[in-house]
Amino acid sequence: MLWIGRFAVVKQIKIFAVVLAVQCCAGLAWAAQGVAETEVSVAAAQRVISAGGSISEWLVAMGAQAQLVGVDTTSLHPSSLQALPSIGYQRQLAAEGVLTLQPQILFGSAEMGPPPVLAQLRAAGVQIETLPVDADLLAVSHSVRRMGQLLGRSAEAERVLQAFSQAMAQHNKQLDKVEGETPRVLLVFSAGQGNPLSAGKNTVGDWLIEQSGGENLARHQGFKALSSESMLALNPQVIIVADRHNQGLAALETMLSSSPALRHTDAVQKGRVIAIDPTLLVGGLGPRVPQQVAELIDAFYPATTVQVAQKSQ
Amino acid sequence: MLNTSYRLFVLLGTVLAVAIVLSLALGPVSISLQNLVMVLLRAVGFDVASTPALEQAQLIVSQIRLPRALLGLAVGAVLALSGVAMQGLFRNPLADPGLIGVSSGAALGAAVAIVGGAMLGGISEAWSPYILSICAFAGGLGVTALVYRLGRRDGQTHVATMLLAGIALAALAGAAIGLFTYLADDATLRTLTFWNLGSLNGASYARLWPLLLITFAVALWLPRRAKALNALLLGESEARHLGFAVEKLKRELVFCTALGVGAAVAAAGMIGFIGLVVPHVLRLAVGPDHRVLLPASALAGASLLLFADLAARLLLAPAELPIGIVTALIGAPFFLYLLLKSRF
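Residues numbered from 1 in each chain as written. Chains lettered and ligands numbered in written order. Predicted model: local features only at pLDDT ≥ 70, side-chain atom pairs only at ≥ 80, totals over all residues.

## Some points on the overall build of chain B
Then, in step 1: Regarding its fold elements, chain B presents 14 helices and two strands.
Then, in step 2: Here the C-alpha atoms of chain B give a radius of gyration of 21 Å, agreeing with the 20 Å that 2.2 N^0.38 yields for 344 residues.
Then, in step 3: Along the first, second and third principal axes, the C-alpha atoms of chain B reach 70 × 60 × 40 Å.
Then, in step 4: Per-residue burial over chain B gives 53% buried out of 344 residues.
Then, in step 5: The long-range fraction of contacts in chain B, counting pairs at least 24 apart against all pairs at least 6 apart in sequence, stands at 77%. (Helix = DSSP H or I, 4+ residues; strand = E, 2+ residues; numbered from the N terminus. Rg over C-alpha atoms; globule rule 2.2 N^0.38 Å. Buried ≥ 20, exposed ≤ 12 C-beta atoms within 10 Å, placed from the backbone. Contact = placed C-beta atoms within 7 Å.)

Now the structure itself:
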């Protein structure tokens, strides 16, 4: 109360400025000190976090669920993962939040970030493993082997990989035998409102259609909304609908209510609409892919599958 | 008058100090009070025996929490100061820094960096945050400069024209952002959405310095124009007749705001509401004298942002809320409460 007067305000401003300046200096001095030693043991990691849907599925498939201490918001399958602490969206990780789980390794795709947070995690001694999640078999085998190696589960990793590639090889063989024209397919994400997004080039959806012997009518890159009219013009023979909330007939109903024009496509007229689980389509190829490919082949070539089944009996 | 403002500053200063201490002390990782004190002792030069828990605490406090607290301090202060400057310039308590196009320009710059970068095959991970910041800053300054130019006629700046030009250019920038949104793929789209909600996450010293310097400059400069801003409240010609260089003042206000908000948005994304609500609330509390209003707004803006960030990082731990959501959640109801209270 000593310096009440017209300069009081000015003084306060100066004090505020000084506080700011002191904060800056403290920050600089401290930043120089704060670089800590980082080393991760070579032994199998017992606490890991997965920031990617398919990565989590592979970890579970090789029996490493007990080693998982946290997952991101795209890790939805199997549903037991949803009981684990969530570290949020893979591109918006929080350094401190991840550190509370005391992970040794953080697995994720190249999309994981932001980069400054990854740098902070590295400084805190967390090993950041960026795995390829492209939709091709080479990326899958590389990622799964790497996970197995780091978790001390190489044998299990080889086993799940072998099951995967055997199943895919068998599907390829089956496709060689099928007869009939290649179906023209459209894969749509139905959100229940607005135009559904369709899966174009360089998506897991596109890869699934190709591996199941179909022709993807959507030729754009990634996911884009197509208008009802252009979907009608493409006139798909098969529509695959990925719906977060509905399965089977309910998914079809939701899709038709948001884009009624689709009623006039061959696919809807002939009842060739297949609902698939949308969690299959994010974050690369997971262990459930071969099973889905088998179902799609059955749906794409119904007559042939019946014949094959009859012959084998 | 000044006696009350003295008490106000003591109060606001205490609140800010508490906010800073809590920002360093609280987070998803719990650090014991003992270790926190050790870390602070070490920071001021004491020799403290090292333990693994202490090293961990030091890393978290010095590399994660301190840069984050500094970022929050600077962003909150500079947004609130810019809000006062704009409300003074437009003589309207509803003005916010977005009016002169700096926010929409920065958002456009960010959209160009995020979507354009992804379309060019991706900027290298190490550089993308810097390029994003630079593009957002440049976009904010560029659009503001254009708005200012459009508002000038015959050597005079017409505030009303500038306001309308700001609205038009914001709409234009909105359309361009929409186009980029359409071109973006799914992942890029989410980056853009999150950027628009703002975050203090991932603060690092390298990206902090430009903002701290600019905040420092704005916090020193604007209070020097407090008397001129007071005179401007009477009207432009009245201020001119009182002997203030009104044209120069307008130029300075626009420049300070563009610089400050541009840097804040570039460092932390779009954080709404601070620039509008903080000056408004303080004006209701302490009156329109800019000599009090400017520094008080800076202190209160910094405190509000630090508290909002505490909520953002603690509520959903180990995940995190975008801070723009929290500032709006805290700010909007409080604002409404004050409006209703002052009416009855």
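## Side note on the packing of helix α4 (residues 102-119) of chain B against helix α11 (residues 246-268) of chain B
The description of two helices packed together rests on the angle between their axes and the distance between the axes.
All names here are of chain B.
Then, in step 1: Closest axis-to-axis distance for the α4/α11 pair is 9 Å, and the angle between their directions is 40 degrees. The orientation of α4 relative to α11 falls into the category oblique. Crossing of α4 against α11: the hand is right-handed. Facing Val102, Ser103 and Ala106 of α4, the residues of α11 in contact are Thr257, Ala258, Val261, Gly262, Val265 and Ala266.
Then, in step 2: The class makeup of the residues in the contact of α4 with α11 is six nonpolar, three polar and no charged. (Axes fitted to C-alpha atoms, helices over the stretch in contact; angles between N-to-C directions. Parallel < 35°, antiparallel > 145°, perpendicular 65-115°, else oblique. Left-handed = near helix turned anticlockwise from the far one by under 90°. Nonpolar A, V, L, I, M, F, W, Y, C, P; charged D, E, K, R; others polar.)

## Some words on helix α3 (residues 52-89) of chain B
Residues and elements named next belong to chain B.
Then, in step 1: When the terminal C-alpha atoms of α3 are compared, their 54 Å separation across 38 residues agrees well with the 56 Å that a helix rising 1.5 Å per residue should span.
Then, in step 2: In the structure, α3 departs most strongly from a straight axis at Arg65, where the bend amounts to approximately 35 degrees and where the proline Pro67 lies between one and four residues downstream.
Then, in step 3: Across the 38 residues of α3, 33 count as buried, placing the element largely inside the fold.
Then, in step 4: Phi turns positive one or two residues past the end of α3, at Arg91, with a value near 50 degrees. (Expected span 1.5 Å × (residues − 1). Bend = angle between axes of the 7 residues up to and from the residue.)

## Describing the environment of Gln156 of chain B
Then, in step 1: Structurally, Gln156 of chain B can be placed in strand β2 (residues 156-157).
Then, in step 2: The sequence separation of Gln156 of chain B and Ser23 of chain B amounts to 133 residues, and the corresponding C-alpha distance is 46 Å.

## Some words on the confidence of the model for chain A
Then, in step 1: On average, residues of chain A score 82 in pLDDT, and 82% of them reach the 70 mark or higher.
Then, in step 2: Segment residues 1-9 of chain A: pLDDT under 50, and 14 contacts once partners within four positions in sequence are set aside and those in other chains are kept. (pLDDT = per-residue confidence, 0-100.)

## What about α11 of chain B?
Residues and elements named next belong to chain B.
Then, in step 1: The first and last C-alpha atoms of α11 sit 32 Å apart over 23 residues, in line with the 33 Å expected at 1.5 Å per residue.
Then, in step 2: Burial of α11 is extensive: 18 of the 23 residues sit out of reach of the surface.
Then, in step 3: Phi turns positive, to about 80 degrees, at Gly269, one or two residues after α11.

## Structural notes on the domain arrangement of chain A
All names here are of chain A.
Then, in step 1: Under the domain assignment, chain A is made up of domain 1 (48-161) and domain 2 (179-312).
Then, in step 2: Look at where the C-alpha atoms of domain 1 and domain 2 centre, and you get two points 29 Å apart.
Then, in step 3: The interface of domain 1 with domain 2 comprises 16 residues on the first partner and 10 residues on the second.
Then, in step 4: Top element by residues in the side of domain 1 that touches domain 2 is helix α2 (residues 53-61). It accounts for six residues.
Then, in step 5: Taken together, the residues of the side of domain 1 that touches domain 2 sort by class into eight nonpolar, six polar and two charged. (Domains from an automatic or database assignment.)

## Concerning unusual backbone geometry
Then, in step 1: Looking along the chain, the bond that leaves His77 of chain A and enters Pro78 of chain A is cis, with omega of -10 degrees.
Then, in step 2: The phi dihedral of Asn202 of chain A is positive, around 60 degrees, even though this residue is not glycine.
Then, in step 3: Note on placement: Asn202 of chain A falls in the loop between β6 (197-199) and α7 (204-211).
Then, in step 4: One non-glycine residue, Arg91 of chain B, adopts positive backbone phi at about 50 degrees.
Then, in step 5: Mapped onto the elements of the fold, Arg91 of chain B is located in the loop between α3 and α4.

## Some remarks on the environment of Ala296 of chain B
All names here are of chain B.
Then, in step 1: Tracing the chain through its elements places Ala296 in helix α13 (residues 290-314).
Then, in step 2: The sequence separation of Ala296 and Leu8 amounts to 288 residues, and the corresponding C-alpha distance is 7.9 Å.
Then, in step 3: Aside from chain neighbours lying at most four places away, what touches Ala296 is Leu8, Phe9, Leu12, Leu282 and Val286.

## Topic: the sheet that holds strand β3 (residues 105-108) of chain A
Residue and element names in this part refer to chain A.
Then, in step 1: The four strands lie next to each other as β2-β1-β3-β4, forming an open sheet whose pairing is parallel. Strands at the two margins of the open sheet, each flanked by one partner only, are β2 (68-71) and β4 (127-130). Each neighbouring strand pair of the sheet contributes to a mean axis angle of 20 degrees, computed without reference to strand direction.
Then, in step 2: Relative to β4, β3 runs parallel, the two being bridged by four bridges. Paired with Gly108 across the bridge in β4 is Thr130. (Pairing = 2+ DSSP bridges.)

## Details of the packing of α4 of chain B against helix α5 (residues 128-151) of chain B
All names here are of chain B.
Then, in step 1: Running from amino to carboxyl end, α4 crosses α5 at an angle of 145 degrees, the nearest separation of the two axes being 6 Å. With respect to the hand of their crossing, α4 and α5 are arranged in right-handed fashion. Packed against α4, whose contacting residues are Val102, Ser104, Gly105, Ala106, Leu108, Gly109, Ala110, Val112, Ala113, Ile114 and Gly117, the element α5 presents Ser128, Ile131, Leu132, Cys135, Ala136, Phe137, Ala138, Gly139, Gly140, Gly142, Val143 and Thr144 at the interface.
Then, in step 2: For the contact of α4 with α5, the residue count by class is 14 nonpolar, nine polar and no charged.

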